[in-house]
Amino acid sequence: MLAGKTAIVTGSNSGIGLGVAIELAKAGAAVVINSFTDREEDHALAAQIAAETGAPVRYIAADMSKGDDCRALVEKAGGCDILVNNAGIQYVAAVDEFPVEKWNAILAINLSSAFHTTAAALPGMKAKGWGRIVNIASAHGLTASPFKSAYVAAKHGVVGLTKTVALEVAGQGITCNAICPGYVLTPLVEAQIPDQMKVHNMDRDTVIREVMLQRQPSRQFATVEQMGGTAVFLCSDAAAQITGTTISVDGGWTAL
Ligand code: NAD
């Protein structure tokens, strides 16, 4: 379905970004995966996805906390037809104790990177008359939680950027949407489970259901494959008139 299209997925050597990159490659896109490291294993991961899917897959290192790196990523990829802004980090602290450097890093990586990559990718998409921009926001792009001020502010910003870009390119064959995941079982989340089990003195299933997924009515994690499938759908012809909006994949969180 996506043969002949090139996709860039930022922050994709792990978690949701990796899941999205694999589903796009399975759908036939040539995929560029990315993170800020430049290790042998990063390039080996690209080769592995290529071998498993039959799609061309490259790894390009670029630090999404730096605007110039974000723009250079798009340039080194030779432009792209599909841009998935996924790179993101989290930090949890009360707003009056929130470290300034953490605030700046979260705003840079989770929000400003999407501005820079979008600005760099759009001229090529406009020239071709086709483009798909998929921003990985969060349920926290639509609702708030205490102690996550930078993350919630950045993700609400991503939703605002999504709407604005969609309006600017409407009618030019380019769509821009945000996926808003609830809790997804990524390595980052998996790593929190043992600590939560200790703190709450609960077994794995109970801590997942009663503590971690307390706000997710399905009481089930969303999966990286479901995020990838949603991204592929947004790249399909069926989604050509879906633009400037959010798709929640959150087990009902934002219906509450
Ligand atoms: P993760 O830590 O597994 O993946 C984050 C990715 O971003 C990694 O590949 C990491 O290398 C990359 N990254 C971090 N800093 C970077 C930088 N400076 N430059 C380039 N790449 C960088 O986390 P994840 O859970 O897969 O999260 C991916 C996205 O999904 C984030 O934007 C996150 O906010 C969002 N999200 C996650 C969840 C969840 O429950 N896991 C829920 C909602 C939204």
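For the structure, check the block above.
Rules used in this analysis
- Residues numbered from 1 in each chain as written.
- Predicted model: local features only at pLDDT ≥ 70, side-chain atom pairs only at ≥ 80, totals over all residues.
- Heavy atoms only, no water.
- Helix = DSSP H or I, 4+ residues; strand = E, 2+ residues; numbered from the N terminus.
- Rg over C-alpha atoms; globule rule 2.2 N^0.38 Å.
- Buried < 20%, exposed > 50% of the residue type's maximum accessible area, 1.4 Å probe, protein only.
- Contact = heavy atoms within 4.5 Å.
- Areas by Shrake-Rupley, 256 points an atom, 1.4 Å probe, with all protein chains shown as cover.
- Near = heavy atom within 4 Å.
- Polar contact = N/O pair within 3.5 Å; in protein donor to acceptor, adjacent residues only side chain to side chain.
- Nonpolar A, V, L, I, M, F, W, Y, C, P; charged D, E, K, R; others polar.
- Domains from an automatic or database assignment.
- Phe/Tyr/Trp six-rings, centres within 6.5 Å; stacked < 30°, edge-to-face > 60°.
- Pairing = 2+ DSSP bridges.
- Right-handed = clockwise from strand over helix to strand, strands pointing away.
- Salt bridge = Lys/Arg side-chain N within 4 Å of Asp/Glu carboxyl O.

1. Overview of the overall build of the protein chain
Point 1. Counting secondary structure elements, the protein chain contains 9 helices and 7 strands.
Point 2. Against the compact-globule benchmark of 18 Å for 256 residues, the protein chain has a radius of gyration of 18 Å, which places it among compact chains.
Point 3. Seen along its three principal axes, the alpha-carbon backbone of the protein chain occupies a region of about 55 × 40 × 35 Å.
Point 4. Per-residue burial for the protein chain yields a buried fraction of 48% across its 256 residues.
Point 5. Across the protein chain, every contact between residues at least 6 apart in sequence was considered, and the portion connecting residues at least 24 apart equals 71%.
Point 6. Total accessible area on the protein chain is roughly 11600 Å²; 55% of this is exposed by carbon and sulfur atoms.

2. Concerning the site of the ligand
Point 1. Around the ligand sit 30 residues, and of these N13, S14, S35, N86 and Y151 come closest.
Point 2. In the environment of the ligand, a nitrogen atom lies 2.8 Å from a nitrogen or oxygen atom belonging to the side chain of D63.
Point 3. V184 has a polar backbone atom sitting 2.8 Å from an oxygen atom of the ligand.
Point 4. In isolation the ligand has 820 Å² of accessible area, and contact with the protein removes 90% of it.
Point 5. Classifying every residue of the shell around the ligand gives 15 nonpolar, 13 polar and 2 charged.
Point 6. Built from parts of two domains, the shell around the ligand gets at least three residues from each of domain 1 (6-184 + 222-250) and domain 2 (185-221).

3. With respect to helix α9 (residues 224-234)
Point 1. Among all positions of α9, only V224, M227, G228, T230, A231, V232 and L234 are buried.
Point 2. Structurally, α9 contributes buried residues whose contacts are with α1 (15-26), β5 (131-136), β6 (174-181) and β7 (246-249).

4. A short note on the packing of aromatic side chains
Point 1. The final tally for this structure, using the stated rule, is 4 aromatic pairs.
Point 2. Judged by centre distance (6.5 Å) and plane angle (25°), the ring pair of Y183 and W253 falls under stacked. Of this pair, Y183 sits in the loop between β6 and α6 (187-190) while W253 is found in the segment after β7, placing the two residues 70 residues apart along the sequence.
Point 3. Take W253: its relative accessible area is 7%, and that puts it in the buried class.
Point 4. Pairwise contacts between aromatic rings join Y91, F98 and W103 into one cluster.

5. Notes on the pairing of β5
Point 1. Within β5, 6 of the 6 residues are buried, which leaves it mostly tucked inside the rest of the structure.
Point 2. Taking every second residue as pointing to the same face, both faces of β5 are buried, with G131, I133 and N135 on one and R132, V134 and I136 on the other.
Point 3. Pairing between strand β4 (residues 82-85) and β5: 4 bridges, direction parallel. If you follow I82 over to β5, its bridge partner there is R132.
Point 4. Once you follow β4 into helix α4 (residues 100-128) and on to β5, the crossover reads as right-handed.
Point 5. Across 6 bridges, β5 lies against β6 in parallel orientation. Bridging from a neighbouring strand, G131 pairs with I174 of β6.
Point 6. Handedness of the crossover joining β5 and β6 through helix α5 (residues 149-169) is recorded here as right-handed.

6. Some remarks on the pattern of salt bridges
Point 1. Under the counting rule described, the total for this entry stands at 8 salt bridges.
Point 2. The residue R209 makes a salt bridge to E210 at a minimum N-O spacing of 3.2 Å.
Point 3. Judged by its relative accessible area of 36%, R209 is partly exposed.
Point 4. Each of R39, E41 and D42 takes part in a single network of salt bridges with overlapping partners.

The values reported here are purely geometric and, on their own, carry no functional implication.
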